[in-house]
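Structure assessment
Read off the chains here:
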Amino acid sequence: MLSKLGRVKEKDVLSFTLSPTHTQVLVWQTTNLWRQEHPMMKEKQIMIDFSLTLEQRMLQSKALDFAQTEMKPIVQIIEESDNPKIEPWDFCQSVFHKGTELGFTSLLIPKEYGGLGGKCVDLVLVLEELGAVDVSIASSYFNLTAAMSLFVTRAGTSEQQKRILSHVRSGEPHLYSAAESEPNVATSDLFCPIPDPNIGLKTFAQRDGDGYILNGKKSSLVTNAGIADAYFIIARTALDKPLGESMSIFYVPANTPGLKFGKRTEMIGWKPSHHAEIHLDNVRVPAENLLGKEGEAAKLLMLLPEVAIGLAASYVGLARAAYEYALNYAKKRVSWGRPIIQHQSVALKLADMMINTQAARLTVWEAANTADTNPQLAAMVKAPAAKTFAVDVAIKNAQTAVEILGGYGVTKQAQTGKFLADASIGYSCDFTREVLRLGLVNCL
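What follows concerns unusual backbone geometry. In the Ramachandran plot, W270 falls in the positive-phi region, its phi being about 55° despite a non-glycine side chain. Assignment of secondary structure puts W270 in the loop between strand 9 (259-261) and strand 10 (275-286). Relative accessible area serves as the criterion here: at 2%, W270 is assigned to the buried category. A positive phi angle, close to 60°, is found at W336, a residue other than glycine.

Right, dumping it as structure tokens:
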């Protein structure tokens, strides 16, 4: 095939590696015909190496140990509690602080700001391990904070970067929240092509001298609302322009006057997480806390595919956990005098679970690699593809685990109920599956 396609040129090679130090690669030269069939691919050649460096294996092992020794006992306490007034953050705060000390939230921050200067691939390795124990802790506390910290380095001025990220160098734990959704506004309005100023967010930021006055309400689904140290608030700075031209993003510390929160929202899953409404009542924000320029929020957020990719990695962890749980049960449960894994109907289900989990992982890894090399392609195509597929696999694996466990699968004593409830939340988390895939199609 290579002789038919012609000779390989050095300039035609695109490195898709987890480490620049690896030299063993699979070379596949493509032609103009192949490129016509795959218009998204600008490069002519792909080199693939799925090996992890020693440093990445150590990071992965560190995350696994942290998840098992620090997270798992806390998750068990929260999951088994029947107290409706329990505050998960009271238990999770120490876990978050320890994870911060290990560098999980500063993994993507450049070294000049006190971070580890890692890649998106490094983050997904960590989040899969955390997600295998609890997807909500991985997604809400670690992924969101790590991604928004990175966002500051990309969207903020030099002064903003030094000021907002000063806690990184000092080692002080800092939890972030990003507030976009509103109670009576469909979040999918962000994808609406109709240039009608009446469509979209209602929270408004009025310019007032050397600052802005923010008024409005954010929905009860805002992650970390009420417990975060600082918030990234998306608000309109012009009511006579379409949403895409009038959204701006502000950095708002938690102690800002007028910033208020509703009670914690109870959901069918994600019990260790914290979501609540945000009320903005004449919240004054200095102009230097506007990230980017007025109306640039939509464009700036396109610089952050890591949020969706990190969420996807967390759900790969959940998918893996459901598969391993069902596999372990199938090896021990006996039916007709033999372990049920030896029955073809069960064996085929386990095979599907394993294959789909592996496929989801590779999709996430490719998206993570693209985030480091082509952020726009990652944001528009790879990230939504990875997020939706990983969640699909997690939901399917959870459902299959329930089936494999039979009657025990629907009891509270089994973990299958937690898997299914946690997986289902991913369907609409950070946009629904349909909205993301329809947006993806526009880029094909």
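So much for the structure itself; the text now carries on.
What follows covers the pairing of strand 6 (residues 211-223). Here 5 bridges tie strand 5 (residues 204-208) to strand 6, and the two strands are oriented antiparallel to one another. When the bridges of strand 6 are listed, F204 appears paired with N215. What sits between strand 5 and strand 6 in their antiparallel hairpin is a turn of 2 residues, with G209 showing a positive phi close to 65°. In terms of strand pairing, strand 6 meets strand 10 through 9 bridges, oriented antiparallel. Counted as the bridge partner of G216 is L280 from strand 10.

When you line up the elements, H274 lands in the loop between strand 9 and strand 10. Within the structure, the side chain of H274 is placed 3.3 Å from the backbone oxygen of A225, a separation counted as a polar contact. Not counting residues within four places of it along the chain, the set of residues in contact with H274 comprises E87, Y141, V222, T223, N224, A225, I227 and R264.

A word on empty space enclosed by the protein. Applying the stated criterion across every chain, the model contains 2 cavities of 30 Å³ or more. The space that makes up the largest cavity amounts to roughly 40 Å³. Of the residues contributing to the lining of the second largest cavity, the split by class is 2 nonpolar, 2 polar and 3 charged.

Any two side chains of opposite charge can pair, so long as their charged atoms come close to each other. Going through the model one piece at a time under the given rule, you end up with 19 salt bridges. The closest approach of N and O atoms between R154 and E306, which form a salt bridge, is 2.8 Å. You can see R154 sitting in helix 6 (residues 135-155) and its partner E306 sitting in helix 11 (residues 306-332), a full 152 residues away along the chain. Overall, the relative accessible area of 30% leaves R154 in the partly exposed class. A relative accessible area of 1% means that E306 is categorised as buried. Here E159 and R163 are joined by a salt bridge, their closest N and O atoms 2.7 Å apart. Here the residue E159 and the residue R163 both occupy positions in helix 7 (residues 158-164), the gap between them amounting to 4 residues, near one helical turn. Residue class for R163 comes out partly exposed when judged on its relative accessible area of 30%. Beyond isolated ion pairs, a larger network of salt bridges with shared partners links E128, E129, R320, E324 and R361.

Cut-off values and rules
- Residues numbered from 1 in each chain as written.
- Predicted model: local features only at pLDDT ≥ 70, side-chain atom pairs only at ≥ 80, totals over all residues.
- Heavy atoms only, no water.
- Helix = DSSP H or I, 4+ residues; strand = E, 2+ residues; numbered from the N terminus.
- Buried < 20%, exposed > 50% of the residue type's maximum accessible area, 1.4 Å probe, protein only.
- Pairing = 2+ DSSP bridges.
- Polar contact = N/O pair within 3.5 Å; in protein donor to acceptor, adjacent residues only side chain to side chain.
- Contact = heavy atoms within 4.5 Å.
- 1 Å grid on protein atoms, 1.4 Å probe; cavity = no way out; pocket = protein on both sides within 12 Å on 5 of 7 lines; lining within 4 Å.
- Points joined across faces, edges and corners; volume = space filled by probe spheres on them.
- Nonpolar A, V, L, I, M, F, W, Y, C, P; charged D, E, K, R; others polar.
- Salt bridge = Lys/Arg side-chain N within 4 Å of Asp/Glu carboxyl O.

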